[in-house]
Amino acid sequence: MTSQLEAGRRPEPLIFEMSSPGRIAYSLPALDVPDRPVEECLPAGALRRTAPELPEVSEVDVVRHFTRLSQIQHGVDIGFYPLGSCTMKYNPKVNEDMASLPGLAGVHPYFPEELVQGALELLYRMERYLCEIGGVSRVSLQPAAGAHGELTGLLMFRAYHADRGENRTRILIPDSAHGTNPASAIVCGYQTVEVPSDHRGGVDIEALKRLMGPDVAGLMLTNPNTLGLFDENMATVAEIVHSQGGLLYYDGANANAIMGIARPGDTGFDVVHFNLHKTFATPHGGGGPGSGPVGAVAKLEPYLPAPLVDADGDRYRLAYDRPRSIGRVKSFYGNFLVVVKAYAYIRSMGAEGLLRVSEDAVLNANYLMRKLAEHFHLPYDRHCKHECVVSGVWQKDRHGVRTLDMAKRLLDYGFHAPTIYFPLIVPECLMVEPTETESRQTLDAFAGTMAHIAGEAESDPDLVKGAPHTTPVKRLDEALAARKPNLRWRPE
Ligand SMILES: *Cc1c(COP(=O)(O)O)cnc(C)c1O
């Protein structure tokens, strides 16, 4: 690791390196049972031959070590986190309180239905809310993330067409799509076909007409798309795909722009996923649990994963009797506590609150877009929705400073960088998603810092190219860190 750590500051020691023989972090009361040798208590095969290599540290060592580590992380509770497409929104703490209620946190998935009526009712109600928000007739809460929802939805497409005796092999995906869309289609056994974008950033209608055919199972789309732009031709897109027997999949990752304003089910989509961990304020990042519920309009409903939660009067039950279902896609009820947090969020915001979330998210993004456009190239000059895309081509062409360099320089000023180099169709792009909770002061501070960095790119390009200068580690080999993470300590 040390070769990667060309540190601006001293790298944090590992807790193993702080170890001092004999130092302990606990004190126990005197034993009041006979002290028997371990060999008498455990079978020989269960005993290890050598003691484990554990760090020997005091309580204060442990507390300081982990508190220090927590302080060198960036998170939405520390500062602005405008990572486009990811909706890194603030997570109100009341949601965490609800998810820690013993009656919810302590539910065991093997409890009989009579003992978990409250949990089932919560799932049932959550489904109704998501149906209302998405304009769909039923929702499965099983999928564990957006990408998992995509796979679920495409398996439903396949089952739907198979029921009609059709073998459709291709899925259309716009060139602005998130990488998980083609990946899910391939995992599902489809071939992918890229649909180009038009000059306004939407689906190129003429190209779509050319590419659509009887072998196409459907189109995957996010709207607003990853440029943060709303596709105004949605009705035409739906007509072209449906008229030839294709289906429409809504990638709901950008739903933060449309809550209470537009419903995917009303605009022609047949299957919809939500990212609860993006739109509905459950924390994410670092690979933690997510939730990607999938909704379907009536004609696709029979294929949803089983079981769903049904109600008979005020009794709730898990309904497995779904003969055309694609089956189960996740054990038990999905990531239940993530659903609880999103449920608490929806209940505490209310319908008006969710509408206001989307309005404020869109307002913030447009405010920021106009400020950034004073110093950066704006590839699509039109109102954006909840995120905006600008480009660092001017800085690259004039000063040899790349978007990557400017993103790294932002870290020196205490901001998390926006998403960069995505969507793929905008060279040197920066995708900025401020979210609804950020104040005007924060947006001004960020825009001001970006303007300052644009100035540095001109006056002192090497300063920017060498960034970050103040973080505990400088530029990591990101491919190596992702592909071959070195996370284990081994004794010398
Ligand atoms: C995040 C995202 C996904 C994938 O969702 P996960 O929950 O991360 O699996 C798909 N599409 C878009 C546009 C996204 O931003």
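Residues numbered from 1 in each chain as written. Predicted model: local features only at pLDDT ≥ 70, side-chain atom pairs only at ≥ 80, totals over all residues. Heavy atoms only, no water.

J.: What am I meant to see in the sheet that holds strand β1 (residues 138-140) here?
T.: Read from one edge of the open sheet, 7 strands run β1-β7-β6-β5-β4-β2-β3, paired in mixed fashion. Pairing within the sheet leaves two strands with one partner each, and these edge strands are β1 and β3 (191-195). Looking at each pair of strands side by side, their axes are set apart by 25° on average, direction ignored. On top of the sheet, helix α6 (residues 146-163) reaches β2 (170-174), β4 (216-221), β5 (247-252), β6 (271-274) and β7 (294-296); it is set at about 170° to β5, its chief contact. (Pairing = 2+ DSSP bridges. Helix = DSSP H or I, 4+ residues; strand = E, 2+ residues; numbered from the N terminus. Axes fitted to C-alpha atoms, helices over the stretch in contact; angles between N-to-C directions. Contact = heavy atoms within 4.5 Å.)

J.: What exactly am I supposed to notice about the site of the ligand here?
T.: In the region of the ligand, the neighbouring residues are S85, A145, G146, A147, E150, H178, T180, D251, A253, N275, H277 and K278. Contacts to the ligand include A147, whose backbone N or O atom sits 2.8 Å from an oxygen atom. N275 places a side-chain nitrogen or oxygen 3.0 Å from an oxygen atom of the ligand. In the complex, the protein chains occlude 88% of the 380 Å² of accessible area that the ligand would expose alone. For the shell around the ligand, the secondary structure elements donating two or more residues are α6 and α10 (276-279). (Near = heavy atom within 4 Å. Polar contact = N/O pair within 3.5 Å; in protein donor to acceptor, adjacent residues only side chain to side chain. Areas by Shrake-Rupley, 256 points an atom, 1.4 Å probe, with all protein chains shown as cover.)

J.: Hey, could you run me through the pattern of salt bridges in this one?
T.: Pairing between side chains of opposite charge can happen when the charged atoms of each approach one another. Going through the model one piece at a time under the given rule, you end up with 30 salt bridges. The salt bridge involving E121 is made with R125; its shortest N-O contact spans 3.0 Å. Taken together, the residues E121 and R125, both in helix α5 (residues 117-134) and 4 residues apart, mark about one turn of the helix. Assessed through its relative accessible area of 25%, E121 is described here as partly exposed. For R125, a relative accessible area of 32% corresponds to the partly exposed category. Taking the shortest distance from any N to any O, the salt bridge between R382 and E232 comes out at 3.4 Å. With R382 in the loop between α11 (336-372) and β10 (388-391) and E232 in the loop between β4 and α9 (234-242), the pair connects residues that are 150 residues apart, well separated along the chain. The class of R382 is buried, set by a relative accessible area of 13%. Each of the salt bridges in this network shares a partner with another, and the network as a whole consists of E127, R128, R138, D310, D312 and R317. (Salt bridge = Lys/Arg side-chain N within 4 Å of Asp/Glu carboxyl O. Buried < 20%, exposed > 50% of the residue type's maximum accessible area, 1.4 Å probe, protein only.)

J.: Explain the pairing of β3 to me, please; I cannot follow it from the model alone.
T.: The side chains of a regular strand alternate between both faces of the sheet. Relative to β3, β2 runs parallel, the two being bridged by 5 bridges. Paired with R170 across the bridge in β3 is Q191.

J.: Just to check I follow, could you spell out the environment of N95 for this structure?
T.: For N95, the position within the fold is in helix α3 (residues 93-99). As a C-alpha pair, N95 and L354 span 259 residues in sequence and 15 Å in three-dimensional space. Aside from chain neighbours lying at most four places away, what touches N95 is A281, K341, A344, Y345 and S348.

J.: Before we go on, may I ask you to explain the side chain of H65 in this structure?
T.: Inspection of the secondary structure assignment puts H65 in helix α2 (residues 59-71). On the basis of relative accessible area, H65 is assigned to the buried category, the value being 4%. With sequence-adjacent residues up to four places away left out, H65 is seen in contact with P13, L14, I15 and M18.

J.: Looking at this structure, how should I read the packing of α11 against helix α14 (residues 440-459)?
T.: The relative placement of two packed helices is expressed as an angle between their axes plus a distance between the axes. Following both chains from N to C, one finds α11 and α14 inclined at 25°, their axes separated by 10 Å at the closest point. With respect to their mutual orientation, α11 and α14 come out roughly parallel. Read as a crossing pair, α11 and α14 show a hand that is right-handed. The segment α11 lies against α14, with N364, Y367, L368, K371 and L372 engaging R440, L443, D444, F446, A447 and M450. In terms of residue class, the contact of α11 with α14 is made up of 7 nonpolar, 1 polar and 3 charged. (Parallel < 35°, antiparallel > 145°, perpendicular 65-115°, else oblique. Left-handed = near helix turned anticlockwise from the far one by under 90°. Nonpolar A, V, L, I, M, F, W, Y, C, P; charged D, E, K, R; others polar.)

J.: Help me understand the sheet that holds strand β12 (residues 429-432) in this model?
T.: Strand pairing in a sheet takes place through backbone hydrogen bonds and is either antiparallel or parallel in direction. Read across the sheet, 3 strands follow the order β10-β12-β11 without closing on themselves; strand pairing throughout is antiparallel. Each edge of the open sheet carries a strand with a single partner, namely β10 and β11 (419-420). Relative to β12, β11 runs antiparallel, the two sharing 2 bridges. If you follow I420 over to β12, its bridge partner there is L430.

The analysis is restricted to geometry; functional conclusions fall outside its scope.
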